[in-house]
Amino acid sequence: MGADPWITFGVSLVLLALAALGYHKTDRTFGLDLKIHVIYWAFVAGMIVLVSFVPVGNYVFSGLSYTFIGAWLPIYESIRAVCTPEEDDDKLWLQYWMVGGVLFMTTT
């Protein structure tokens, strides 16, 4: 039996909001802050436990969730980076799109 589309849409929006919130609230330390890594791995462990024991896999790992997190969030952040006067964030998102393009070309 397939997943309810409204639940899938709602869960996808929540995941997008959590990803955006986490992205904006996390300081960029480029791997120098151990606290960020500990929080990340605790979150990953919690998600593994959640997905293992609660049947949410159909909602969390839906195509819509992948599209929201993998495309809409980077598009928004890229536009936001272009609108700022700093060049570092522009380079970061340009690298993201270049790597994404290479991966797309090699996997299709």
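Quick caveat: nothing in here was measured; it's all calculated off a predicted structure. (Residues numbered from 1 in each chain as written. Predicted model: local features only at pLDDT ≥ 70, side-chain atom pairs only at ≥ 80, totals over all residues. Heavy atoms only, no water.)

Asks: Please give an account of the overall build of the chain that cites residues and values.
Replies: If you tally the helices and strands in the chain, you get five helices and zero strands. Taking all 108 residues of the chain together, 13% fall into the buried category. In the chain, the proportion of contacts linking residues at least 24 apart, taken out of those at least 6 apart, comes to 67%. Surface summary for the chain: the accessible area is close to 8400 Å², and the carbon and sulfur share equals 74%. (Helix = DSSP H or I, 4+ residues; strand = E, 2+ residues; numbered from the N terminus. Buried < 20%, exposed > 50% of the residue type's maximum accessible area, 1.4 Å probe, protein only. Contact = heavy atoms within 4.5 Å. Areas by Shrake-Rupley, 256 points an atom, 1.4 Å probe, with all protein chains shown as cover.)

Asks: Lay out the packing of helix α4 (residues 63–82) against helix α5 (residues 88–107) with the relevant residues and their values.
Replies: How two helices sit against one another is set out by the angle between their axes and by the gap between those axes. Relative orientation of the contacting elements α4 and α5 amounts to 150°, with a least axis distance of 9 Å. Between α4 and α5, the angle falls in the class roughly antiparallel. In this structure, α4 meets α5 at a crossing whose hand is left-handed. Here α4 contributes Gly70, Ala71, Pro74, Ile75, Glu77, Ser78, Ala81 and Val82 to the contact with α5, which in turn contributes Asp89, Asp90, Trp93, Tyr96 and Trp97. (Axes fitted to C-alpha atoms, helices over the stretch in contact; angles between N-to-C directions. Parallel < 35°, antiparallel > 145°, perpendicular 65-115°, else oblique. Left-handed = near helix turned anticlockwise from the far one by under 90°.)

Asks: Outline the confidence of the model for the chain, listing residues and values.
Replies: With 80% of its residues at a pLDDT of at least 70, the chain reaches an overall mean of 77. Mean pLDDT across the elements of the chain ranges from a minimum in helix α3 (residues 57–60), with 66, to a maximum in α5, with 87. (pLDDT = per-residue confidence, 0-100.)

Asks: Please give an account of the packing of aromatic side chains that cites residues and values.
Replies: For the structure on display, the rule yields two aromatic pairs. Judged by centre distance (5.2 Å) and plane angle (70°), the rings of Trp93 and Tyr96 are edge-to-face. A residue pair is termed a helical-turn pair when its members lie 3 or 4 positions apart in one helix, as Trp93 and Tyr96 do in helix α5 at three residues. Centroid distance Tyr96 to Trp97: 5.1 Å. Interplanar angle 85°. Geometry classified as edge-to-face. (Phe/Tyr/Trp six-rings, centres within 6.5 Å; stacked < 30°, edge-to-face > 60°.)

Asks: Describe the side chain of Glu77, listing the residues and the values that go with them.
Replies: Among the structural elements, Glu77 can be located in helix α4. Owing to a relative accessible area of 2%, Glu77 belongs among the buried residues under this scheme. Those residues in contact with Glu77 that sit more than four places away from it in its chain are Tyr23, His24 and Trp93.

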